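Listed below, chain by chain, are the residues.
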Amino acid sequence: MVRMKRKYTCLLKATLYILYLLVSIYIFQTLFRANLSMAEHKSNLLQNKTFRDIQIQTVRAIRKNSAVIPKEKNDGKKVNTFIESSRKGPNFHQYPLDLNFTDLLDKLKKKEPVYVKEINPHPFHYILNPNKKCQPSETTLVILVKSAANHTNNREAIRKTWGNMTDHSTKIVFLIGSSEFDRDIIRENGHFHDIVQENFQDVYWNNTHKTIMGFNWATTYCPEARHLLFVDDDYYVNLPNLHYFLQHVDKNASLFSGFLLPLSVPFRDISSKWYVSIKDYPFHKYPPYLAGGAVMVSMDVAQKMAAAFPYIKYMVIDDAYLGIVAYKIGIRASRNGKISDKHCQIWRMRAKIACHGFSNVTNLFQTYNHLKEIAAKNCQNGEPFCVK
C-alpha cells in the first residue's frame, strides 16, 4: 500500500512538473510574440509616419539647408499661389499649368491656334534616329527600353535573349542620352540600328527627358502601332505573355497599365535620390501612378501625353510625372498584376509579363534559357505560349 502511494505521488509530481514546463513555455511564447508584435508595430509607425511628421522634418531640413522657404510671407511681393493653394488639400489639376486639357488637346488635334505658352519645352535634337524602324506599317507593338549609356552589356544581353524573340509586328529600340560614351554608342548603333538618342545629358535626373523623347519618337515614327511598352534595361520581358495579353485587350480601349502605386508621397529628404522640394511639388502625395520600370500605353494615350507634355511643368521623377500628366488629361492608371517592380524567381517569370531585378546578365540568360525550354515543350504538346 505504501509503495502504491509513493508510485502515485511520483506520477503526480512528474505530471505537475510537465504542466509547469508547458505553462512556462506558453507564457514565454506569449511574451515573445507580444514583444515581436510591439517591435513590428513600432517599425510600422516609423515607416508610415503621417504627413504632418514628414512635413515637420522637411521644414527643419529646409530651414537648416536654406534650400526653399516653406512659407512665403506676404510683404507686398507676389505670393506663390501654387504653393499657397496646395495647403488647402491636394488638387492635382492645379499642378502647372492649370488648364482645361480636354479643350487644349482637342485644339491641338484639330491644329487650331493655342494661345498658351509652353512651360516644358523639349529643346533637344536627335543624335541617332532609326526613323525607318517601324516601316512597313505592320508594326503593332513598340518596346522602348530606357537604358543608361554605359549599360552596353545589358543591351547586348536583351538583344540575345527576350529581345531576340520579336516578329515583324514588334519592334524594340533603346532610349539613351548623350555622354562620354557617344562614340561607342554610334558604333553600337551602326551594328544594330536600334538606338534613339538625343543630346541631353544621360544622367538620372534627365530620365523624364528620356521618357518624353520616347513618347515623341514613337508617336512620330510609329503612329500605326497600337501599343507601346516602356521598360528599363534591368527588366525581363516575357514577350509571349505580353503578346497574349495585348491580343485579348479591347483594341479600341485606352490603356495606361503597369505596377500601380496608388498612395505614394514625395521624398522630402534632401539627401535622397528621389528628393522633390516643396517649391517644385507642394502636395503631400502624388496622384496614382505606375512604377516607371515597365509601363504599357495604348497609342491614343501616348499621343495625348506627347501633346500635353509641353504644357505640364517638368519633374525629375519620371514615373510620378507621367502619373500627373495622366491625371490632368483624364487617363486612369490601372494595375496589371502581371507586371512587378520586384525581382521574380524563374518559376514566377512563367506567369509574368515583366519583372525587375535583371541587371545581372547571368540571371537574364538563365531565365531566358529556362523559359525557352518550357516554350519548346509547349510546342511539342501543342499548348499555348509556343515559341519555336
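Here's what I pulled together on the structure shown here. Quick caveat, the model's predicted, so the values are computed rather than measured. (Residues numbered from 1 in each chain as written. Predicted model: local features only at pLDDT ≥ 70, side-chain atom pairs only at ≥ 80, totals over all residues. Heavy atoms only, no water.)

**A short note on the overall build of the protein**
Thought 1: Helices and strands together make up the secondary structure of the protein, namely twelve helices and eleven strands.
Thought 2: Burial statistics for the protein: of 388 residues in total, 41% are counted as buried.
Thought 3: Put simply, of all contacts in the protein between residues at least 6 apart along the chain, 73% involve residues at least 24 apart.
Thought 4: For the protein, the exposed surface amounts to about 22700 Å²; the carbon and sulfur share of it is 54%. (Helix = DSSP H or I, 4+ residues; strand = E, 2+ residues; numbered from the N terminus. Buried < 20%, exposed > 50% of the residue type's maximum accessible area, 1.4 Å probe, protein only. Contact = heavy atoms within 4.5 Å. Areas by Shrake-Rupley, 256 points an atom, 1.4 Å probe, with all protein chains shown as cover.)

**Concerning the side chain of Asn-238**
Thought 1: Mapped onto the fold, Asn-238 is located in the loop between strand S6 (235–237) and helix H8 (239–247).
Thought 2: There is a polar contact of 3.0 Å between the side chain of Asn-238 and the backbone oxygen of Met-349.
Thought 3: With near-sequence residues (within four places) excluded, Asn-238 lies in contact with Met-349, Arg-350, Lys-352, Ile-353 and Leu-371. (Polar contact = N/O pair within 3.5 Å; in protein donor to acceptor, adjacent residues only side chain to side chain.)

**Section: the sheet that holds strand S4 (residues 195–201)**
Thought 1: Taken together, the eight strands give an open sheet; going across it, the order is S1-S4-S3-S2-S5-S8-S7-S9, and neighbouring strands pair in mixed fashion. Since the sheet does not close on itself, it has two edges, and those belong to strand S1 (126–128) and strand S9 (334–335), each with one partner.
Thought 2: Most of the contacts of helix H10 (residues 318–328) go to strand S8 (residues 289–298), to which it runs at about 50°, and overall it touches strand S2 (141–146), strand S7 (256–261) and S8. (Pairing = 2+ DSSP bridges. Axes fitted to C-alpha atoms, helices over the stretch in contact; angles between N-to-C directions.)

**Overview of helix H4 (residues 101–109)**
Owing to its 3.6 residues per turn, the α-helix aligns residues three or four sequence positions apart on the same side.
Thought 1: For H4, the full list of buried residues reads Phe-101, Leu-104 and Leu-105. In an axial view of H4, the angular spread of the buried residues amounts to 95°, which keeps them on one side of the axis.
Thought 2: The secondary structure elements touched by the buried residues of H4 are helix H9 (299–308) and H10.
Thought 3: Here H4 starts with a cap whose side-chain oxygen sits 3.1 Å from the backbone nitrogen of Thr-102, and that cap is Asn-100.
Thought 4: Count one or two residues on from H4 and you reach Lys-111, which has phi positive near 60°. (Arc of directions from axis to C-beta.)

**A closer look at the state of the cysteines**
The term disulfide refers to a covalent linkage connecting the sulfur atoms of a pair of cysteines.
Thought 1: Tallying each qualifying case throughout the model produces two disulfides.
Thought 2: The disulfide partner of Cys-134 is Cys-222, and the gap between their sulfur atoms is 1.9 Å. Where Cys-134 bonds to Cys-222 through sulfur, the torsion about that S-S bond is close to 75°, and the disulfide is right-handed. In this pair, Cys-134 is assigned in the loop between S1 and S2 and Cys-222 in the loop between helix H7 (207–221) and strand S5 (227–232), connecting sequence segments 88 residues apart.
Thought 3: For Cys-134, a relative accessible area of 6% translates into the label buried.
Thought 4: Taking the relative accessible area as the measure of exposure, Cys-222 reaches 2% and is therefore buried.
Thought 5: One disulfide in the model links Cys-344 with Cys-355; its S-S distance is 1.9 Å. Taking the torsion about the sulfur-sulfur bond, which here is approximately -60°, the covalent link between Cys-344 and Cys-355 counts as left-handed. Pair noted here: Cys-344 is in the loop between strand S10 (339–343) and helix H11 (346–349) and Cys-355 is in strand S11 (residues 354–356), with a separation of eleven residues, a long-range link. (Disulfide = S-S within 2.5 Å.)

**A few points about the pairing of strand S3 (residues 170–178)**
Thought 1: Burial within S3 is extensive, with nine of its nine residues counted as buried.
Thought 2: Sheet analysis places S2 next to S3, joined by six bridges and oriented parallel. Looking at S3, one finds that Val-142 is bridged to Lys-171.
Thought 3: Relative to S4, S3 runs parallel, the two sharing four bridges. By the bridge assignment for S4, Phe-174 is matched with Ile-195.

**Overview of a nonpolar patch on the surface**
Thought 1: On the surface, a nonpolar cluster with roughly 930 Å² of combined accessible area is contributed by Leu-12, Leu-16, Tyr-17, Ile-18, Leu-19, Tyr-20, Leu-21, Leu-22 and Ile-25.
Thought 2: With respect to the secondary-structure elements, Leu-12 resides in helix H1 (residues 2–47).
Thought 3: Residue classification places Leu-12 among the exposed positions, given a relative accessible area of 51%. (Patch = residues over 30% accessible without salt bridge, like charges linked within 9 Å, V, L, I, M, F, W, Y side chains within 5 Å. Salt bridge = Lys/Arg side-chain N within 4 Å of Asp/Glu carboxyl O.)

**A short note on the packing of H7 against H10**
Each pair of packed helices gets described by two things: the angle between the helix axes and the distance between those axes.
Thought 1: Packing of H7 against H10 leaves a shortest axis separation of 8 Å and a crossing angle of 55°. Between H7 and H10, the angle falls in the class oblique. The segment H7 lies against H10, with Asn-207, Thr-208, Thr-211, Ile-212 and Phe-215 engaging Asp-318, Tyr-321 and Leu-322.
Thought 2: Looking at the contact of H7 with H10 residue by residue, the classes come out as four nonpolar, three polar and one charged. (Parallel < 35°, antiparallel > 145°, perpendicular 65-115°, else oblique. Nonpolar A, V, L, I, M, F, W, Y, C, P; charged D, E, K, R; others polar.)

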